[in-house]
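# Notes for the structure review
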Amino acid sequence: EAITLYERLAAEHGQSEHAAAALYGWAWCLLDLKKTDEAHAKFLAVHKDHAQSEYWADATYRLAYMAAQQKQHDEALKLLGELIDALGQRTKATVHVSDKSDEASVSNRAAATNPLETLNHARYLRAQVSIHLTRWDDAEKDLKQIIDARADSPLVLPAEFLYGDVAY
(Lines give C-alpha, C1' and ligand atoms only; values in the text may rest on other atoms or scores of the structure.)
Protein backbone atom coordinates (compact mmCIF):
# COMPACT_ATOMS: atom_id res chain seq x y z
CA GLU A 1 0.00 0.00 0.00
CA ALA A 2 2.76 2.43 0.88
CA ILE A 3 4.49 1.82 -2.45
CA THR A 4 1.29 2.71 -4.29
CA LEU A 5 1.09 5.97 -2.35
CA TYR A 6 4.77 6.77 -2.96
CA GLU A 7 4.34 6.06 -6.68
CA ARG A 8 1.36 8.39 -6.82
CA LEU A 9 3.16 11.12 -4.88
CA ALA A 10 6.20 10.84 -7.16
CA ALA A 11 4.05 10.90 -10.30
CA GLU A 12 1.80 13.77 -9.26
CA HIS A 13 4.26 15.85 -7.25
CA GLY A 14 7.68 14.88 -8.57
CA GLN A 15 8.93 18.46 -8.40
CA SER A 16 7.63 19.23 -4.92
CA GLU A 17 9.77 19.72 -1.84
CA HIS A 18 8.65 16.26 -0.70
CA ALA A 19 9.86 14.38 -3.79
CA ALA A 20 13.10 13.22 -2.15
CA ALA A 21 11.23 12.00 0.93
CA ALA A 22 8.83 10.05 -1.28
CA LEU A 23 11.66 8.40 -3.24
CA TYR A 24 13.55 7.62 -0.04
CA GLY A 25 10.49 6.07 1.65
CA TRP A 26 9.68 4.17 -1.51
CA ALA A 27 13.23 2.77 -1.61
CA TRP A 28 12.92 1.51 1.96
CA CYS A 29 9.60 -0.17 1.21
CA LEU A 30 11.22 -1.91 -1.75
CA LEU A 31 14.14 -3.02 0.43
CA ASP A 32 11.71 -4.41 2.98
CA LEU A 33 10.18 -6.46 0.14
CA LYS A 34 13.66 -7.65 -0.92
CA LYS A 35 13.40 -5.77 -4.24
CA THR A 36 16.99 -4.57 -4.10
CA ASP A 37 17.37 -3.53 -7.74
CA GLU A 38 14.25 -1.37 -7.60
CA ALA A 39 15.33 0.11 -4.26
CA HIS A 40 18.72 0.88 -5.78
CA ALA A 41 17.02 2.84 -8.56
CA LYS A 42 15.09 4.97 -6.04
CA PHE A 43 18.18 5.65 -3.90
CA LEU A 44 20.02 6.56 -7.11
CA ALA A 45 17.26 9.02 -8.02
CA VAL A 46 17.68 10.70 -4.62
CA HIS A 47 21.45 10.75 -5.09
CA LYS A 48 21.32 12.24 -8.60
CA ASP A 49 18.32 14.53 -8.42
CA HIS A 50 18.13 15.69 -4.79
CA ALA A 51 21.66 16.58 -3.68
CA GLN A 52 20.37 19.31 -1.34
CA SER A 53 17.89 16.98 0.35
CA GLU A 54 18.31 15.74 3.90
CA TYR A 55 17.95 12.22 2.43
CA TRP A 56 20.88 12.54 0.02
CA ALA A 57 23.55 11.41 2.49
CA ASP A 58 21.82 8.23 3.58
CA ALA A 59 20.71 7.39 0.03
CA THR A 60 24.32 7.79 -1.13
CA TYR A 61 25.54 5.64 1.76
CA ARG A 62 23.02 2.93 0.80
CA LEU A 63 24.24 2.99 -2.81
CA ALA A 64 27.85 2.65 -1.64
CA TYR A 65 26.91 -0.19 0.70
CA MET A 66 25.12 -2.02 -2.11
CA ALA A 67 28.13 -1.52 -4.40
CA ALA A 68 30.49 -2.85 -1.72
CA GLN A 69 28.29 -5.91 -1.18
CA GLN A 70 28.43 -6.61 -4.92
CA LYS A 71 32.21 -6.17 -4.85
CA GLN A 72 32.00 -3.09 -7.06
CA HIS A 73 34.79 -1.51 -5.05
CA ASP A 74 35.58 1.37 -7.39
CA GLU A 75 31.94 2.47 -7.41
CA ALA A 76 31.69 2.11 -3.63
CA LEU A 77 34.85 4.17 -3.10
CA LYS A 78 33.64 6.86 -5.54
CA LEU A 79 30.29 7.21 -3.75
CA LEU A 80 31.91 7.14 -0.32
CA GLY A 81 34.41 9.79 -1.39
CA GLU A 82 31.57 12.08 -2.53
CA LEU A 83 29.66 11.43 0.67
CA ILE A 84 32.61 11.95 3.00
CA ASP A 85 33.61 15.17 1.24
CA ALA A 86 30.08 16.55 1.41
CA LEU A 87 29.49 15.53 5.01
CA GLY A 88 32.94 16.69 6.08
CA GLN A 89 32.10 20.18 4.85
CA ARG A 90 28.64 20.08 6.43
CA THR A 91 29.88 18.90 9.83
CA LYS A 92 32.61 21.53 9.87
CA ALA A 93 30.00 24.22 9.30
CA THR A 94 27.67 22.99 12.02
CA VAL A 95 28.31 19.97 14.15
CA HIS A 96 24.97 18.35 14.87
CA VAL A 97 25.01 16.12 17.93
CA SER A 98 21.77 14.33 18.62
CA ASP A 99 20.44 13.95 22.14
CA LYS A 100 19.50 10.42 21.15
CA SER A 101 22.63 9.15 19.41
CA ASP A 102 21.41 5.55 19.34
CA GLU A 103 18.37 6.66 17.32
CA ALA A 104 20.52 8.62 14.90
CA SER A 105 22.54 5.63 13.74
CA VAL A 106 22.88 4.96 10.05
CA SER A 107 21.54 1.51 10.80
CA ASN A 108 18.06 2.95 10.95
CA ARG A 109 16.05 5.25 8.75
CA ALA A 110 16.59 8.34 10.90
CA ALA A 111 20.19 8.58 9.73
CA ALA A 112 19.55 11.57 7.57
CA THR A 113 19.13 13.68 10.70
CA ASN A 114 22.69 13.13 11.97
CA PRO A 115 25.40 13.91 9.39
CA LEU A 116 28.25 13.19 11.82
CA GLU A 117 27.10 9.63 12.47
CA THR A 118 26.49 9.10 8.75
CA LEU A 119 30.04 10.37 8.17
CA ASN A 120 31.37 7.83 10.68
CA HIS A 121 29.52 5.00 8.93
CA ALA A 122 30.79 6.13 5.54
CA ARG A 123 34.37 6.17 6.84
CA TYR A 124 33.92 2.74 8.41
CA LEU A 125 32.57 1.28 5.16
CA ARG A 126 35.37 2.93 3.19
CA ALA A 127 37.87 1.41 5.63
CA GLN A 128 36.32 -2.02 5.09
CA VAL A 129 36.55 -1.64 1.31
CA SER A 130 40.15 -0.41 1.65
CA ILE A 131 41.01 -3.45 3.77
CA HIS A 132 39.50 -5.72 1.14
CA LEU A 133 41.74 -4.02 -1.43
CA THR A 134 44.73 -4.23 0.98
CA ARG A 135 45.03 -0.44 1.14
CA TRP A 136 46.08 -0.48 4.77
CA ASP A 137 47.07 3.20 5.05
CA ASP A 138 43.70 4.34 3.70
CA ALA A 139 41.83 2.06 6.10
CA GLU A 140 43.95 3.20 9.04
CA LYS A 141 43.28 6.87 8.25
CA ASP A 142 39.49 6.42 8.12
CA LEU A 143 39.40 4.33 11.29
CA LYS A 144 41.53 6.85 13.17
CA GLN A 145 39.15 9.64 12.16
CA ILE A 146 36.19 7.68 13.56
CA ILE A 147 38.01 7.04 16.81
CA ASP A 148 39.03 10.69 17.16
CA ALA A 149 35.71 12.17 16.01
CA ARG A 150 33.25 11.19 18.70
CA ALA A 151 33.52 8.97 21.75
CA ASP A 152 29.78 8.22 21.97
CA SER A 153 29.45 6.81 18.44
CA PRO A 154 28.49 3.13 18.38
CA LEU A 155 31.26 2.69 15.79
CA VAL A 156 34.15 3.70 18.02
CA LEU A 157 34.66 0.27 19.57
CA PRO A 158 34.49 -1.65 16.27
CA ALA A 159 36.75 0.98 14.68
CA GLU A 160 39.28 0.58 17.51
CA PHE A 161 39.27 -3.19 17.05
CA LEU A 162 39.65 -2.94 13.27
CA TYR A 163 42.32 -0.25 13.68
CA GLY A 164 44.33 -2.65 15.82
CA ASP A 165 43.84 -5.40 13.27
CA VAL A 166 45.00 -3.11 10.44
CA ALA A 167 48.05 -2.09 12.47
CA TYR A 168 48.90 -5.75 12.93
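Here the structure is shown first, and the text comes after it.
Now for a description of the structure that goes with this document. Bear in mind that the values here come from a model prediction, so they are computed numbers and not experimental data.

### Focus on the side chain of H50
Looking at where H50 falls in the secondary structure, it is placed in the loop between α3 (36-49) and α4 (56-69). Given a relative accessible area of 19%, H50 falls into the buried group. Those residues in contact with H50 that sit more than four places away from it in its chain are A19, A20, L23, A45 and W56.

### Topic: helix α8 (residues 156-167)
Across its 12 residues, α8 extends 16 Å between first and last C-alpha, which sits within 8% of the 16 Å expected from 1.5 Å per residue. Those residues of α8 that fall on the buried side of the exposure criterion are V156, A159, L162 and V166. Each buried residue of α8 lies within a common arc of 125 degrees when the element is viewed along its axis, so the set occupies one face. Of the exposed residues in α8, those oriented more than 90 degrees away from the buried face are L157 and F161. The secondary structure elements touched by the buried residues of α8 are α6 (115-132) and α7 (136-149).

### Quick notes on the pattern of salt bridges
Inspection of every chain in the model, using the stated rule, returns 5 salt bridges. The partner of R8 in a salt bridge is E12, and the shortest N-O contact between them spans 3.1 Å. You can see R8 and its partner E12 sitting in helix α1 (residues 2-12), 4 residues apart, about one turn around the helix. K78 is paired through a salt bridge with E82; the nearest N and O atoms lie 3.1 Å apart. With a gap of 4 residues between them, K78 and E82 both fall in helix α5 (residues 73-93), about one helical turn apart. When its relative accessible area of 44% is taken as the criterion, K78 is described as partly exposed.

### A short note on the nonpolar core
Side chains of nonpolar character tend, in soluble globular proteins, to be buried together. In this structure, F43, L83, A122 and L125 are the most contacted members of the largest nonpolar core, which totals 33 residues. Listing elements by their share of this core, those giving two or more residues are α2 (19-32), α3, α4, α5 and α6. At 9 residues, the largest contribution of residues to this core is made by α4. Sequence-distant contacts of F43, that is, excluding residues within four places in its chain, are made with Y24, A27, W28, L31, A59, R62, L63 and M66. Ranked by size, the runner-up nonpolar core spans 10 residues in total, among them A127, L143, I146 and I147.

Definitions and cut-offs
Residues numbered from 1 in each chain as written. Predicted model: local features only at pLDDT ≥ 70, side-chain atom pairs only at ≥ 80, totals over all residues. Heavy atoms only, no water. Helix = DSSP H or I, 4+ residues; strand = E, 2+ residues; numbered from the N terminus. Buried < 20%, exposed > 50% of the residue type's maximum accessible area, 1.4 Å probe, protein only. Contact = heavy atoms within 4.5 Å. Expected span 1.5 Å × (residues − 1). Arc of directions from axis to C-beta. Salt bridge = Lys/Arg side-chain N within 4 Å of Asp/Glu carboxyl O. Core = buried A, V, L, I, M, F, W, Y, C linked by side-chain atoms within 4.5 Å.

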